[in-house]
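What follows is each chain in one-letter form.
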Amino acid sequence: MRFAVGERDFEADGRPVRLLSGALHYFRVHEAQWGHRLAMLRAMGLNCVETYVPWNWHEPRPGELRDVGALGRFLDAVGAAGLMAIVRPGPYICAEWENGGLPSWLTGALGRRVRTRDGAFLRAVDGWWEALLPQVVARQCDRGGPVVLVQVENEYGSYGSDAEYLGHLARRLREVGVTVPLCTSDGAEDHMLTGGSVPGVLATVNFGAGARAAFAALRRHRGRGPLMCMEFWCGWFAHWGQAVEPRGAADAAAALREVLECGASVNVYMAHGGTSFGGWAGANRAGALQDGALLPTVTSYDYGAPVDEQGRPTEKFWRMREVLAEFAEGPLPELPEPEPVLAGPVGVVLSGWLSLDAVLEVLGDPEVCAGVPPTFEEMGVDRGLVRYRVAVPGPRQPYELRVVGLRDRAVTVVDGVRGPVLVEGSEADTAGTVGTAGAVLGAVPGPAEVELWVESLGRVNYGPRLGEAKGITGGVLHERQYLHGVRARGLRLDALEGPAGAAAVAGLAFGAPAAGARGLHRGTVTVPAGGVGDAVLELPGWTRGFVWVGGFPVGRYWSAGPQRGLFVPGPVLREGANEVVVLELEGPEGPEGPEGAAGVAGVPRLVP
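Residues numbered from 1 in each chain as written. Predicted model: local features only at pLDDT ≥ 70, side-chain atom pairs only at ≥ 80, totals over all residues. Heavy atoms only, no water.

## Topic: the pattern of salt bridges
Selection criterion: Salt-bridge detection follows one rule: a side-chain nitrogen of Lys or Arg within 4 Å of a carboxyl oxygen of Asp or Glu. Strands here are runs of E lasting at least two residues and helices are runs of H or I lasting at least four, both read from the DSSP assignment and numbered beginning at the N terminus. For each residue, the accessible area found with a 1.4 Å probe, counting protein chains only, is set against the maximum for its type, and the residue is called buried under 20%, exposed over 50%, and partly exposed in between.
Within the structure shown, the criterion is met by 50 salt bridges. The partner of D118 in a salt bridge is R113, with the nearest N and O atoms 2.9 Å apart. Residues E175 and R172 are paired through a salt bridge, measuring 3.0 Å at the closest nitrogen-oxygen approach. Taken together, the positions of E175 and R172, both in helix α7 (residues 163–175) and 3 residues apart, correspond to about one turn of that helix. Taking relative accessible area as the criterion, R172 reaches 14% and is therefore assigned buried.

Below you can see the structure in the form of structure tokens.
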């Protein structure tokens, strides 16, 4: 099929065609469930699916490529489902994903030079695309595949104005063999469209309502070409500690109708959101200019989408289906059979606990000693935590100890005794600037040994703070004196992932169970014969950490809410015993281990 951008319409072999697309990210859905979710999108009335590609997920360390073929397999599944495909390969994707999809090893080295014409950044992008894009090129519609559009960057006008950078990306896509039309996507505002558009490349706009006004703004910049809303925001995402007001089904369906009545194509964002498994959820900054307090995003990417996190149709699905049916070619297909659901609640039998110190000793990276605290990026930690140790000289008075540039959260220990939990912006300076005065631990006399267990809650994925470093980015002050000679040791989450991680956990010397205590927990959940299916893991009374079920990285939990359970895809479970590993990073205050945690937390359980 030849797919082209016409004067007013998209054209397939010369015939006008409207893209009725829905966003579904292959990296947020278990591969065994791709087929079901794609069938749900078809049944909703869509003829196309859109996906981002997360660079950092595929290349967590320089040159270490992981399963780039997953994109190709997904596109094959899209074609088998009878859908067209839009691919958005970044290099930046936003997507409420860690660091907007950019590798932390790259943003740590280049800082504000990313997403510009900087030579080092472009060389890295070129190398990444040379590895990735053959998956797309071979599956373009003019070669019998489903891919009809490829996007250049993503919402670049919300970030920068480097036309030379965008031009390089567009040229590079052509050089590696992309022959289908290219496009950009930006907010429907003049400065965003001028900053993010590329001459000769189709421009599209993103919005959640007000289609006529948005397309009028687009027409001021592009008098010709198809109208398209590349991201029709039918819902929204949630941040830890903040309730979300869901968008009503009727309101979303009415806004979708307005888009289609304008004669436009659309990509429903999200049609199915899925889950940010494995601690890959990103974060935002508060405020109109995204430069305020950190707002980490929850693990669930349900998004209030028509197809919910567990693959079920919602009221929004049925309302949107009614609208889409009026614009579809022919009758809509029936819904696929629902995925199996866990037969009934099953408790996790905890069998062991190990302190974080002991875990770090076995699974942590080598300890580094430096004059000032090294950042996560300098230590090669993308997702996880770093233990910083610093000595307070003595004898000296109990001066106030402050951590400047803390990102994001620290459990403190002074001379072996648990102290307060510090967060970025615990105290503002006299001008009200968040975080510059430092997070205050309190008065500490010398000599003393201070430990700061710092956790990243997710890197910013949108706005001017994109790519900012994690860890202790300023220093540790005692009164006005910097404390130097910092010892730091990182624990990367991927040390517990995959076959190597499972083997490492199996070799640990666990002690007696201690439900909810700070440290690593091991247990078993037994699924009865015939009872395997999608489930939700609940951890009543636990505080914050990460979970693996059957070796699969389910994601971050946090008692701050609003998310109260973690989705466990049915394909990761099996009949009989399934191992559950929980890394609790905070736990209750007081002594660690069975004594300090007694009665605080309940038994984790899987529920339908």
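## Topic: empty space enclosed by the protein
Which entries qualify depends on this criterion: Here a cavity denotes a set of grid points, spaced 1 Å apart and computed over the protein atoms alone, in which a 1.4 Å probe fits but from which it cannot get out, and a pocket denotes an open set meeting protein on both sides within 12 Å along at least five of seven lines; residues with an atom within 4 Å of a point are reported as lining. Grid points are joined across faces, edges and corners, and a volume is the space filled by probe spheres set on the points. In this classification, Asp, Glu, Lys and Arg are treated as charged, Ala, Val, Leu, Ile, Met, Phe, Trp, Tyr, Cys and Pro as nonpolar, and every other residue, Gly included, as polar.
Inspection of every chain in the model, using the stated rule, returns 5 cavities of 30 Å³ or more. Counted as a void, the largest cavity has a volume near 80 Å³. Looking at the largest cavity, the residues that line it are L496, A502, V505, W548, V549, G550, G551, E579 and V581. Listed by contribution, the elements that provide at least two residues to the lining of the largest cavity are α14 (498–506), β25 (544–549) and β28 (576–584). Along the lines of polarity and charge, the residues of the lining of the largest cavity split into 6 nonpolar, 2 polar and 1 charged. Computed from the structure, the second largest cavity encloses a volume of approximately 60 Å³. In terms of lining, the second largest cavity is formed by L356, L385, R409, A410, V411, W453, E455, R518, R544 and L585. Listed by contribution, the elements that provide at least two residues to the lining of the second largest cavity are β17 (409–414) and β19 (439–455). Of the residues that constitute the lining of the second largest cavity, the class distribution is 6 nonpolar, no polar and 4 charged.

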